[in-house]
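# Structure assessment
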Amino acid sequence: MCGGFTCSKNTLVGLNVIYILVSFLMIGVAVHGKVSGIVTSLPIVGGITACGVFLLMISVIGLIGAVRHHQVLLFFYMVVLFLIFLIQFSCSCAALAINEGDEIKLIKSAWKTAETKSPSLVIQAEQTFDCCGLGLGEDNIPYLEPTAADQNFTIANDVFKNYPDADCYHAANTSMNTDCHTCYSHISDKVDSGFNAAGGLGLFFSFTELFGVICTHKYRLYIRDMGEFA
């Protein structure tokens, strides 16, 4: 009967097998992104890999606990999974609730930090979107035409040196193509859709974690009752 001992066990095993596959996918995506040069930032690659390894460890603990009927492992798994649910649910709701003003502040803060600590990220963004400069003034009002400071950064870092067909390609002491725009005009919609997608996906997976916590709790009760009857 569904909801019984066998059903709870099979559900937990299946759920953890899915989590293991997802963890391998996360690790594989991080490694592929680094090897292929899609992602050049080591902190990003390291963060994705660390999340994948952590998910793998928790899934293996849950799987072993479910197969071996191990109460201690199941209790540890249930507590950690519930904490992950709380964190992920909160972050997902925050991602879905973020407004345009908050997005602008986050984008500007991230861009300024990258310019100082990891210019390669800014260079990669400008090459990917064929744009020049962020496009947010001191008052956070967007502007479309790159400023002199934006152009100087692009020239100094040879952003489009190997991309002569790009709209933002220009040599020193030459005027920039009028078709070249700032990056905010290119990434604002993508950031907004990214927040919505991440929030929606995170919210969905957070409920699978809550479902796992409930199944684990019921499964532990079945194991306890079986021990008492034995």
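Residues numbered from 1 in each chain as written. Predicted model: local features only at pLDDT ≥ 70, side-chain atom pairs only at ≥ 80, totals over all residues. Heavy atoms only, no water.

## A short note on the overall build of the chain
- Across its full length, the chain carries seven helices and zero strands.
- For the chain, the sequential pattern of α-helices and β-strands runs α-α-α-α-α-α-α.
- Among the 230 residues that make up the chain, the fraction classed as buried is 32%.
- Here the analysis covers contacts within the chain between residues at least 6 apart in sequence; of these, 74% occur between residues at least 24 apart.
- On the chain, roughly 13,300 Å² of surface is accessible, and the fraction owed to carbon and sulfur atoms is 68%. (Helix = DSSP H or I, 4+ residues; strand = E, 2+ residues; numbered from the N terminus. Buried < 20%, exposed > 50% of the residue type's maximum accessible area, 1.4 Å probe, protein only. Contact = heavy atoms within 4.5 Å. Areas by Shrake-Rupley, 256 points an atom, 1.4 Å probe, with all protein chains shown as cover.)

## Details of the packing of helix H4 (residues 100-117) against helix H5 (residues 119-129)
- It is the contact of H4 with H5, at a shortest axis distance of 5 Å, that shows an interaxial angle of 120°. Considering their axes alone, H4 and H5 lie oblique with respect to each other. Within the contact between the two elements, H4 uses Trp111, Ala114, Glu115 and Lys117 and H5 uses Pro119, Leu121, Val122, Ala125 and Glu126.
- When its residues are assigned to classes, the contact of H4 with H5 shows six nonpolar, no polar and three charged. (Axes fitted to C-alpha atoms, helices over the stretch in contact; angles between N-to-C directions. Parallel < 35°, antiparallel > 145°, perpendicular 65-115°, else oblique. Nonpolar A, V, L, I, M, F, W, Y, C, P; charged D, E, K, R; others polar.)

## Some words on the confidence of the model for the chain
- Looking at the chain as a whole, the pLDDT averages 80, with 87% of positions reaching at least 70.
- Looking over the chain, one finds the lowest element-wise mean pLDDT in helix H1 (residues 5-36), namely 80, and the highest in helix H3 (residues 71-97), namely 87. (pLDDT = per-residue confidence, 0-100.)

## Considering the environment of Phe211
- Along the chain, Phe211 turns up in helix H7 (residues 184-229).
- As a C-alpha pair, Phe211 and Leu81 span 130 residues in sequence and 9.9 Å in three-dimensional space.

## Focus: the state of the cysteines
- Counted under the stated rule, the structure contains two disulfides.
- Between the sulfur atoms of Cys131 and its disulfide partner Cys183 the distance amounts to 1.9 Å. Between Cys131 and Cys183, the disulfide has an S-S torsion of 85° and is therefore right-handed. Within this pair, whereas Cys131 is found in the loop between H5 and helix H6 (148-156), its partner Cys183 is found in the loop between H6 and H7, the two being separated by 52 residues in sequence.
- The exposure class assigned to Cys183 is buried, which follows from its relative accessible area of 0%.
- Sulfur-sulfur distance for the disulfide between Cys168 and Cys180 comes to 1.9 Å. Measuring handedness by torsion sign, the sulfur bridge of Cys168 and Cys180 sits at about 95° and is right-handed. Of this pair, Cys168 sits in the loop between H6 and H7 while Cys180 sits in the loop between H6 and H7, placing them twelve residues apart in sequence. Here Cys168 and Cys180 have matching classes, each one buried. (Disulfide = S-S within 2.5 Å.)

## Observations concerning a nonpolar patch on the surface
- Residues Phe75, Val79, Phe82, Leu83 and Leu86 make up a contiguous nonpolar surface patch of about 420 Å² in total accessible area.
- With respect to the helices, strands and loops of the structure, Val79 is situated in helix H3.
- Judged by its relative accessible area of 35%, Val79 is partly exposed. (Patch = residues over 30% accessible without salt bridge, like charges linked within 9 Å, V, L, I, M, F, W, Y side chains within 5 Å. Salt bridge = Lys/Arg side-chain N within 4 Å of Asp/Glu carboxyl O.)

## A closer look at the environment of Trp111
- Position of Trp111 among the secondary structure elements: in helix H4.
- Separated by 22 residues in the primary sequence, Trp111 and Gly133 have C-alpha atoms spaced 9.4 Å apart.
- When neighbours within four sequence positions are excluded, Trp111 is seen to be in contact with Val122, Ala125, Glu126, Gly133, Leu134 and Cys183.

## Some details on the side chain of Asn16
- Tracing the backbone through its elements, the reader meets Asn16 in helix H1.
- Among the polar contacts listed, one links the side chain of Asn16 to the side chain of Tyr77, at a separation of 2.9 Å.
- With residues near it in sequence (within four places) discarded, Asn16 still touches Ile58, Ser59, Gly62, Leu63 and Tyr77. (Polar contact = N/O pair within 3.5 Å; in protein donor to acceptor, adjacent residues only side chain to side chain.)

## Thoughts on the packing of aromatic side chains
- Evaluated as defined, the whole model comprises four aromatic pairs.
- When the centroid spacing of 6.0 Å and the interplanar angle of 75° are considered together, the rings of Phe89 and Phe207 count as edge-to-face. Remark: Phe207 occurs in helix H7 and Phe89 occurs in helix H3; sequence separation between them is 118 residues.
- In this structure Phe89 comes out as partly exposed when scored by relative accessible area, which is 31%.
- The class of Phe207 is partly exposed, set by a relative accessible area of 43%.
- The interplanar angle of 80° and the centroid separation of 5.4 Å between the aromatic rings of Phe204 and Phe205 together place this pair among those described as edge-to-face.
- A relative accessible area of 53% means that Phe204 is categorised as exposed.
- Classification of Phe205 by relative accessible area gives partly exposed; the value is 29%.
- An aromatic cluster is present here, built from Phe82, Phe85, Phe89 and Phe207 joined pairwise through their rings. (Phe/Tyr/Trp six-rings, centres within 6.5 Å; stacked < 30°, edge-to-face > 60°.)

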